[in-house]
Amino acid sequence: MTKNAYEQAGVNIAAGEEIIEGLKQAIGEQGPHILNGIGNFAGCYQLSEDQLDDPALVAGADGVGTKVLLAAQTGKVESLGQDLVAMCVNDLLAQGALPLFFLDYLAFSHLESDQTAAILKGILKACQAQSIPLLGGETAEMPGLYQDQHFDLAGFAVGLAAKSNLLNSAMVSEGDYLIGLPSTGLHSNGYSLVRKILFTDHHYQFDDHLPGIARPLIEELLEPTRLYGNVIRPLLQKRLLNGIAHITGGGLLENVPRMLQPNQQAEIKLASWPKPAIFKVLTKLGKLSQTDRYQTFNMGIGMVLTVSPQQYQQVKDELDCQKEPYFKIGQVKRRPENAPAVVLLGAD
């Protein structure tokens, strides 16, 4: 079959349409709030009266960063879908909002059907695991803008909360406990430093085994970001939390202060949770200072919850009921003048 002019320029419209048709079939029925399906000019979501109690819409956008380079090199791209959903949806939770829907933007140098379908499959799987409709998105093929085999991803999530239920720093009090929920490893942050340490400076291979890590290195590095929605949802619905910090770029040192007042300080006890082996390896190989590692990586904590002492037992009971691991990692204190917003106590 003769290629049309656009295909000759490097854009395969037919392949994109085929992928969208496959996605439509995989999505199936999405519930009464969704007024149209994938493939329209825009997705439509209908709010119902039971959702409109002084409503506030909360929106966020994020990406996966240079983790996509490792996935592209190996062809193992499906896990990036969960990364993309988690990076956006976890941010909504940190504001006290429950996600309504998710959209994606995928940009490629050349659209490869299997690769694109795998990423979309990962996105849809993550959305379905959290009962979040995939409302729409865009798949762009842009030869000349991206290098061959290179691509980028962006996600967009919208959530809803009653205005009175939104989390803000005024809710956090001195004496509140800091509860850490474990990460699944690196999540999606710090990969420029990770790639420099492991592959530029020390020339490791993807199938190497590093100390304390049972699986091949690339499997450890591509472990997807945790989705915390099902854990956090009942805590928000019962109004048991005063604040949430999603530990992404900037690590504990930069993200925990985002839920505190200027005169408050987080005291974090470093021995209060186990550090996954990948962080110990990177610290040793990269000769990373304490500031380097706690300002770049999550160090094994993906979410930090702020809980009043009076509600701690309820939070503990809820997490125990879910069989969710957690760690009491510190407490909110008054911040002395000119002192840092986070103090790391002890050795890790």
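Residues numbered from 1 in each chain as written. Predicted model: local features only at pLDDT ≥ 70, side-chain atom pairs only at ≥ 80, totals over all residues. Heavy atoms only, no water.

Here is the rule we go by: UniProt positions are given in the numbering used here, feature names are shortened, and annotations may be inferred rather than shown by experiment.
As named in an unreviewed UniProt entry, the protein is Phosphoribosylformylglycinamidine cyclo-ligase, taken from Pediococcus acidilactici DSM 20284. Under the Subcellular location (unreviewed entry) heading, UniProt states for the protein: "Cytoplasm".

**A word on the environment of G144**
The cut-off we apply is this: Runs of E in the DSSP output that reach at least two residues are strands. Runs of H or I that reach at least four are helices, and both are numbered from the N terminus.
Of note, G144 is situated in the loop between β3 (134–141) and β4 (151–162). Separated by 35 residues in the primary sequence, G144 and S109 place their C-alpha atoms 6.8 Å from one another.

**Looking at the pattern of salt bridges**
Spelled out, the test is: Counted as salt bridges are all cases of a side-chain nitrogen of Lys or Arg within 4 Å of a carboxyl oxygen of Asp or Glu. Buried, partly exposed and exposed residues are distinguished by accessible area as a fraction of the type maximum, computed with a 1.4 Å probe on protein chains only: under 20%, between the cut-offs, and over 50%, respectively.
Following the criterion strictly, the structure yields 9 salt bridges and no others. Notably, a salt bridge pairs E223 with R215, separated by 2.8 Å at the nearest N-O pair. Note on E223: relative accessible area 23%, which makes it partly exposed. Note that K316 is salt-bridged to D320, the shortest N-O span being 3.4 Å. Residue K316 and its partner D320 are located together in helix α12 (residues 312–321), separated by 4 residues, close to a single helical turn. The network of salt bridges with shared partners includes R215, E220 and E223.

**Here's the deal with the pairing of strand β10 (residues 342–345)**
Just so we agree on the cut-off: For two strands to count as paired, DSSP must find a minimum of two bridges between them.
Alternating positions in β10 separate cleanly, V342 and L344 being buried on one face and V343 and L345 remaining unburied on the opposite face. Pairing of strand β7 (residues 264–269) with β10, which is carried by 4 bridges, proceeds in the parallel orientation. Residue pairing in the sheet places A266 in a bridge with V342 of β10.

**What to know about the sheet that holds strand β5 (residues 177–182)**
The condition that has to hold: Orientation is described by lines fitted to C-alpha atoms, with helices fitted over the stretch in contact, and by angles between N-to-C directions that extend from 0 to 180 degrees. In this description, contact between two residues means that some pair of their heavy atoms is separated by no more than 4.5 Å.
Reading across from one edge, β6-β8-β5-β9-β7-β10 is the order of the 6 strands in this open sheet, with mixed pairing throughout. At either margin of the open sheet sits one strand with a lone partner, and together these are β6 (243–246) and β10. Taken pair by pair, the neighbouring strands of this sheet meet at an average axis angle of 25 degrees, ignoring direction. Across the face of the sheet, helix α4 (residues 79–94) comes into contact with β6 and β8 (301–307) while running at roughly 160 degrees to β6. In the packing of α12 onto the sheet, the strands contacted are β5, β8 and β9 (327–334), and the crossing angle to β5 comes to about 10 degrees.

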